[in-house]
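What follows is each chain in one-letter form.
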Amino acid sequence: MSLGKNVDDEEFGRREILSEAAYQMVVNNLSEFEAISRSEELISGREQAAASGLAEMNADGAVVGFAESELNSKEPTKDQANQVKKLYSRLCEKEGLEPE
């Protein structure tokens, strides 16, 4: 019986942080350290908002937006999206994770 988080859950959570960090680095021009810190704050805030019913859900139950505008990300340009994808892969590799 496991009394903690599953390694897969931890890796999923870390990938989510790295994905958001890559976005923050490209779109908001943050350093890696700043982006990871900001990403951890954002994801925690998003989780709290979703748990409190302050998230907008689609018909499938997926979160599509938040009542607090600072928790929402603007849509990246196509070029930015390509940069985010490459940077995300690099951040994952740096931490020994497979990008998903």
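Refer to the structure presented above.
Below you will find a few notes about this structure.

Rules and cut-offs
- Residues numbered from 1 in each chain as written.
- Predicted model: local features only at pLDDT ≥ 70, side-chain atom pairs only at ≥ 80, totals over all residues.
- Heavy atoms only, no water.
- Helix = DSSP H or I, 4+ residues; strand = E, 2+ residues; numbered from the N terminus.
- Expected span 1.5 Å × (residues − 1).
- Buried < 20%, exposed > 50% of the residue type's maximum accessible area, 1.4 Å probe, protein only.
- Arc of directions from axis to C-beta.
- Salt bridge = Lys/Arg side-chain N within 4 Å of Asp/Glu carboxyl O.
- Core = buried A, V, L, I, M, F, W, Y, C linked by side-chain atoms within 4.5 Å.
- Contact = heavy atoms within 4.5 Å.

## Some points on helix 3 (residues 78-94)
Residues spaced three or four apart along an α-helix face the same direction, because each turn holds 3.6 residues.
Working step 1: For helix 3, which comprises 17 residues, the first-to-last C-alpha distance of 24 Å matches the rise-based estimate of 24 Å (1.5 Å per residue) to within 8%.
Working step 2: Looking at helix 3, one finds that the buried residues are Gln80, Val84, Leu87, Tyr88, Leu91 and Cys92. For helix 3, the arc enclosing every buried residue in end-on projection is 140°, short of the 170-degree limit, so these residues lie on one face. Among the exposed residues of helix 3, those oriented more than 90 degrees off its buried face are Lys78, Lys85, Lys86, Arg90 and Glu93.
Working step 3: Just beyond helix 3, the residue with positive phi is Gly96, at close to 75°.

## Comments concerning the pattern of salt bridges
Working step 1: As enumerated under the stated definition, the model contains seven salt bridges in all.
Working step 2: Among the ionic pairs, Glu100 bridges to Arg15, the shortest N-O distance being 3.7 Å. On the criterion of sequence distance, the pair formed by Glu100 in the segment after helix 3 and Arg15 in helix 1 (residues 7-27) is long-range, its members being 85 residues apart.
Working step 3: When its relative accessible area of 9% is taken as the criterion, Arg15 is described as buried.
Working step 4: One salt-bridge network, held together by shared partners, links Glu11, Arg15 and Glu100.

## A look at unusual backbone geometry
Working step 1: One non-glycine residue with positive phi stands out, namely Asn29, at about 55°.
Working step 2: Here Asn29 lies in the loop between helix 1 and helix 2 (32-51).
Working step 3: With relative accessibility at 67%, the residue Asn29 sits in the exposed group.

## So, the nonpolar core
Working step 1: In terms of nonpolar packing, the biggest core is built from 17 residues, with Leu18, Ala22, Leu87 and Leu91 touching the most fellow members.
Working step 2: Those elements giving two or more residues to this core turn out to be helix 1, helix 2 and helix 3.
Working step 3: Counting residues per element, this core draws most heavily on helix 1, which supplies eight residues.
Working step 4: Apart from residues no more than four positions distant in its own chain, Leu87 is found in contact with Ala22, Met25 and Val26.
Working step 5: By size, the runner-up hydrophobic cluster in this structure holds five residues, among which are Leu42, Ala55, Phe66 and Leu71.

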